[in-house]
Structures are given as C-alpha cells and as structure tokens.
Amino acid sequence: MSFDPALIKNANFIDGTWISANSGETLGVTNPATWEPIGEVPNCGRDETKKAISAAHKALKPWKKLTAEARSEHMHKLCDAIMEQIADLAALLTTEMGKPLAEAKGEIALGVKYIRFYAEEGKRVYGDTIPSPWADRRILVTKEPVGVAGAITPWNFPNSMIARKLGAALAAGCTIVIKPSEFTPYSALAFGVMAEKAGLPGGVINILTGNAAEIGAEMCENPDLRKITFTGSTRVGKLLAAQAGQHMKKISMELGGNAPFIVFDDADLDKAVAGAIASKFRNSGQTCVCANRIYVQAGVYEAFAEKLKAAMDADLIPGNGLETGITQGPLINEAALEKVDSHVKDALEKGGSLKAGGSRVGSAGTFFAPTLIANATPDMRVAQEETFGPLAALFKFETEDEIVALANNTEYGLACYFYTSDLGRSFRMMEQLEYGLVGVNEGVITTEVAPFGGVKDSGIGNEGSKYGLDDYLNIKYSCIGGLGL
Ligand code: ADP
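Residues numbered from 1 in each chain as written. Predicted model: local features only at pLDDT ≥ 70, side-chain atom pairs only at ≥ 80, totals over all residues. Heavy atoms only, no water.

Visitor: Explain unusual backbone geometry here, please?
Guide: Excluding glycine, most residues fall at negative phi; most peptide bonds, likewise, are trans. Even without being a glycine, Asn-375 presents a positive backbone phi close to 60 degrees. Summarising the element assignment, Asn-375 is placed in the loop between strand E17 (371-374) and helix H12 (381-384). Here Asn-375 falls in the partly exposed class, since its relative accessible area comes to 42%. Although it is not a glycine, Lys-456 sits at a positive phi angle of roughly 55 degrees. Relative to the elements of secondary structure, Lys-456 occurs in the loop between strand E20 (437-440) and strand E21 (459-460). Classification of Lys-456 by relative accessible area gives partly exposed; the value is 38%. (Helix = DSSP H or I, 4+ residues; strand = E, 2+ residues; numbered from the N terminus. Buried < 20%, exposed > 50% of the residue type's maximum accessible area, 1.4 Å probe, protein only.)

Spelled out as structure tokens, the structure:
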C-alpha cells in the first residue's frame with residue numbers, strides 16, 4: 001500500500017467513535033484503475049442515520065455556544081492534521097477514485113483552503129440594526145446556525161466536496177452528518193481520523209456509509225436535522241429537494257451541468273486550447289463544470305481542431321494515477337465508461353468525425369481514450385446530456401446571436417466558458433449566458449473565495465465565499481420594546 005494503512009477505516013464515525021452497521025453488512029470498495037478490492041465499509045441504514053443525527057444534535061448546543069474564534073481554532077487544527085498527512089491522503093484518494101496523484105493532492109489542498117477560509121469567515125457573521133419606525137423600540141437582526149446539517153456527496157471530488165460543506169457548516173455553528181458516495185467512502189472516513197487527531201468534540205462531524213435512499217430519507221424526515229446539502233446528479237437532487245420540501249428544510253443543491261465552451265474568431269487560440277484541455281479533461285472529464293459542448297466559430301474551427309488534437313496527443317496520458325507522468329485516470333466504474341462509449345457511438349452514427357481516441361484502453365481498469373470528435377451537431381446525445389468523461393465534441397457556429405441561443409438551449413445552468421479578445425463582446429456574453437459560473441478566457445475558475453453554484457436544473461445555493469455561509473444560517477429579527485425611550 002502506498003499510504004498509511006491506518007487511513008483505511010472499515011467503520012463509520014458516529015459521536016466520536018467507530019461503529020459497524022447494526023446488521024453487520026458491508027459494501028465492497030474497489031480501485032477503478034486495477035479492479036483490486038480495497039476494503040469493506042458498513043452498509044448502514046435508517047437506524048444508524050438516526051443515531052448519527054442524534055449525536056450531531058447533542059453536539060450542536062455546545063458547538064454553537066463556542067465563540068467563532070474557538071470554532072476557528074478547532075477547524076485550523078483539523079486542517080493541520082490533514083496537511084500533515086496530505087501525501088497519504090492523496091494516495092488513498094487516488095486508490096479509491098483514480099485521479100492522478102497530483103490532482104488528488106491539489107484537491108485536498110483546496111479542501112483545506114475552504115475549511116481555513118470559513119474558519120476565518122465565521123468570525124464575520126454580521127447582523128444589522130435597522131432604523132426603527134417606532135420611537136420606543138429597536139430592531140436587531142442576528143444570524144444563527146440552522147442546526148444539524150446533512151451532507152450527501154459524490155465520488156468525483158471525494159475530499160473537497162466534503163471539505164467545502166463541512167467548512168461552512170462548522171464555521172456557522174452547525175454540526176454535520178456526512179454520507180459520502182459508496183464508490184469513495186475512505187477519503188470521507190479519513191475526515192473522522194483527522195477529526196480525532198485534531199481533538200474535535202465528538203458528534204460535531206459524523207460520517208456514515210450505506211444505503212443511500214434510506215440515509216437520505218431519514219435525513220429529510222428527521223426533525224433534528226434542519227438542512228440538506230447535496231452534490232450529485234440532478235435526478236437525485238430533485239428527489240432530495242422534494243423530500244426535504246415535505247419537512248420545509250433548508251437545501252443547497254449542486255447538480256449536473258452541460259457546460260458550453262465557446263471560442264470566437266478573435267480569441268487567443270493557444271490560450272483557448274489550454275483552457276479546453278484543462279476544462280474538458282481534468283479528472284478525465286468527470287467534473288460537473290467540465291466543458292461538454294465545445295463551440296468554435298467558423299473562421300478558426302479548423303485551426304482550433306488541429307491545435308486541440310496536438311495538445312491532446314502531447315498532454316493526455318492515461319494510466320494508473322499513482323504512477324508518475326499520468327494525467328488521465330480511469331473512469332469511476334463500468335457504467336460511467338458505458339455512458340461515454342454510448343455518446344461516442346451516437347455521435348459517430350449521426351455524422352461526427354473521429355479525430356482521436358474513441359474506445360476503451362487496456363484490459364483491466366475502466367480507462368477510456370481521450371477522444372476528439374469534429375462536426376458535432378445538436379441532435380447528438382453529447383449536445384444534450386452531460387457525458388462526464390473524456391470526450392471533446394466540436395460544434396461549428398457563425399454568429400454571436402446564434403451561439404447565445406445554442407449555449408442557453410439546455411435545462412442546465414452551472415458553468416460556461418468563452419474566449420474572445422473583444423471587451424464589449426465579453427460583457428454581452430457574460431450578461432446573456434444563463435449560467436451561475438462564467439469563465440472568460442479561463443478554463444478553470446474554482447476558488448474558495450468565490451461563490452460556486454448553478455441556476456435552472458443545476459441547483460440552488462452557493463458554496464465557497466461569504467455567500468456560502470448564508471446557506472447554513474437563519475436570519476432572526478428581534479424587536480426590542482419596553483425601553484422607556
Ligand atoms: P453520480 O451519478 O455522480 O454518482 P448520484 O446523484 O447518483 O451522482 O450520487 C451522488 C450521491 O447521492 C452519492 O453519495 C449517492 O450515494 C447519493 N444518492 C444516490 N441515490 C440517492 C437517494 N435516493 N437518496 C439520497 N442519496 C442518494
């Protein structure tokens with residue numbers, strides 16, 4: 001094993017102790033690069049979720065009572081513990097998820113930045129005093145933690161999707177129950193190991209694995225949990241939002257995308273190519289902000305296609321992410337690979353022309369060759385659905401009006417990107433694109449200091465920045481009378 005074996009926790013972290021499922025049942029976890037088993041985590045359900053929520057609820061009062069500074073100190077200690085073992089944690093993440101080691105390290109470092117940012121931002125949860133319409137009363141507005149938060153997270157960023165929820169929740173004064181993806185539970189459970197090392201009070205962070213539908217339903221129904229924060233598919237997000245709505249719980253939803261990546265004739269083509277490589281192929285195309293539809297204006301279409309192919313040949317090296325020089329890890333599982341394969345086949349049947357890749361690589365592991373298809377058209381599945389894999393499809397367009405309509409013609413609204421050297425056009429595009437995140441001449445824009453969130457079917461709420469904290473706070477208005485003024 002290329003990491004500290006103590007990080008493999010085949011147990012769940014509830015109330016500061018490690019437990020098994022009541023049934024004793026487990027779920028197997030495998031390495032997507034080698035298909036070797038890694039371990040077995042508890043298959044928990046309703047009862048264990050009740051227990052975790054009750055532990056978080058018990059821990060809420062003392063945690064909320066701490067000063068923001070005291071909570072901040074705990075959070076920085078948690079970050080120190082993570083940074084001390086970042087090499088081990090990155091190797092663990094790569095082993096269960098597949099991404100190249102350098103990306104895994106980058107992800108964990110970014111997760112720490114989110115937690116540290118919120119450790120400080122928690123000290124700035126300001127309220128208001130509002131000029132009173134009554135001479136003898138005063139108006140005070142304060143912000144309070146919503147209560148216990150339930151977090152359900154995906155496999156594509158097994159660390160940072162948790163870190164950014166946990167950071168905001170803990171800073172706001174909430175405690176948390178986390179259910180990670182069944183494909184990447186160990187990076188989540190490692191937060192328990194780190195919390196123990198950092199001496200966090202028991203019950204502040206609880207992590208459980210198992211039956212997603214049961215755990216999600218209990219989170220939505222249990223009155224002691226007041227907030228659901230979810231990152232994952234639009235399908236599951238809508239299901240959870242509907243369930244949470246029955247109990248009027250606050251929700252944050254970071255869901256799917258179908259990002260357009262637009263290159264105008266006046267763009268710096270080399271920068272656009274570098275941006276396309278980073279946006280399309282990071283994490284082997286498995287991010288919700290990955291470019292999904294690459295639109296290139298007619299005047300530079302051929303030149304861009306050639307340059308992109310050359311960059312793909314030079315930069316994209318598939319293989320086991322633990323090995324040096326690898327930039328493209330495996331897809332998370334067979335179903336993910338089949339989806340990419342079906343998008344490729346569909347595009348080729350509908351007139352697309354294959355310029356690179358096009359099929360699976362190797363006989364073990366779920367590797368798919370970085371693929372480039374030109375002459376893509378709106379009737380193809382890749383135009384309509386999120387591929388979530390290493391397929392770059394190039395569409396040709398002529399005018400600005402046409403591209404705005406094409407880019408917005410989707411139920412999604414998470415990330416979009418465009419490249420141009422015209423300032424006026426930049427503003428026209430920024431203002432017309434119906435997306436929560438806009439990259440202007442940039443292909444990777446995530447940072448803890450900026451808000452991250454989608455519109456339309458891509459979700460509700462924001463993570464990161466000062467805005468992300470609001471999702472874990474309630475506003476309270478107190479009217480103070482009887483002052484004898
Ligand atoms: P992906 O397609 O990226 O795996 P999912 O939305 O299926 O996205 O998974 C994201 C997270 O949602 C995972 O932790 C998964 O276990 C969880 N999940 C899946 N189905 C449900 C459900 N019915 N209720 C609650 N959580 C669910």
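Visitor: Help me understand the site of the ligand in this model?
Guide: Surveying the vicinity of the ligand reveals 17 residues, the closest of which are Thr-153, Trp-155, Lys-179, Glu-182 and Ser-233. In this structure, Glu-182 approaches the ligand through a side-chain N or O atom, which is 2.6 Å from an oxygen atom. At 2.6 Å, a side-chain N or O of Ser-233 approaches an oxygen atom of the ligand. Protein contacts shield 80% of the accessible area of the ligand, which totals 550 Å² for the unbound molecule. Where the shell around the ligand is concerned, the elements lending two or more residues are helix H7 (212-221), strand E10 (225-231) and helix H8 (234-245). Of the residues that constitute the shell around the ligand, the class distribution is 9 nonpolar, 6 polar and 2 charged. (Near = heavy atom within 4 Å. Polar contact = N/O pair within 3.5 Å; in protein donor to acceptor, adjacent residues only side chain to side chain. Areas by Shrake-Rupley, 256 points an atom, 1.4 Å probe, with all protein chains shown as cover. Nonpolar A, V, L, I, M, F, W, Y, C, P; charged D, E, K, R; others polar.)

Visitor: Whenever I open this one, the sheet that holds strand E22 (residues 473-480) confuses me. Can you help?
Guide: Two strands in a sheet stick together by hydrogen bonds in their backbones, pointing the same way (parallel) or opposite ways (antiparallel). Taken in spatial order, the 3 strands line up as E5-E6-E22 in an open sheet, and their pairing is antiparallel. The open sheet terminates on both sides in strands that have one partner only, identified here as strand E5 (128-130) and E22. Each neighbouring strand pair of the sheet contributes to a mean axis angle of 25 degrees, computed without reference to strand direction. Here strand E6 (residues 138-145) runs beside E22; their pairing, made up of 8 bridges, is antiparallel. Considered in E22, the bridge of Thr-142 is made with Lys-476. (Pairing = 2+ DSSP bridges. Axes fitted to C-alpha atoms, helices over the stretch in contact; angles between N-to-C directions.)

Visitor: Explanation requested: the packing of aromatic side chains in the structure shown.
Guide: Geometry of an aromatic ring pair is reported as the spacing of the ring centres plus the angle between the planes. Taken as a whole, this structure holds 7 aromatic pairs when the rule is applied. With a centroid separation of 5.2 Å and 80 degrees between ring planes, the pair formed by Phe-117 and Tyr-118 is classed as edge-to-face. Summarising the burial analysis for this pair, Phe-117 and Tyr-118 share the class buried. Taken together, the aromatic side chains of Phe-261, Tyr-417 and Tyr-419 make up a single cluster linked through ring pairs. Residue placement shows Arg-137 over the ring face of Trp-134; its charged tip is 3.9 Å from the ring centre. Across from the ring centre of Tyr-472, 4.7 Å away, lies the NZ or CZ of Lys-227, which sits over that ring. (Phe/Tyr/Trp six-rings, centres within 6.5 Å; stacked < 30°, edge-to-face > 60°. Lys NZ or Arg CZ within 6 Å of the ring centre and 35° of its normal.)

Shape is all these values report; function is a separate question.
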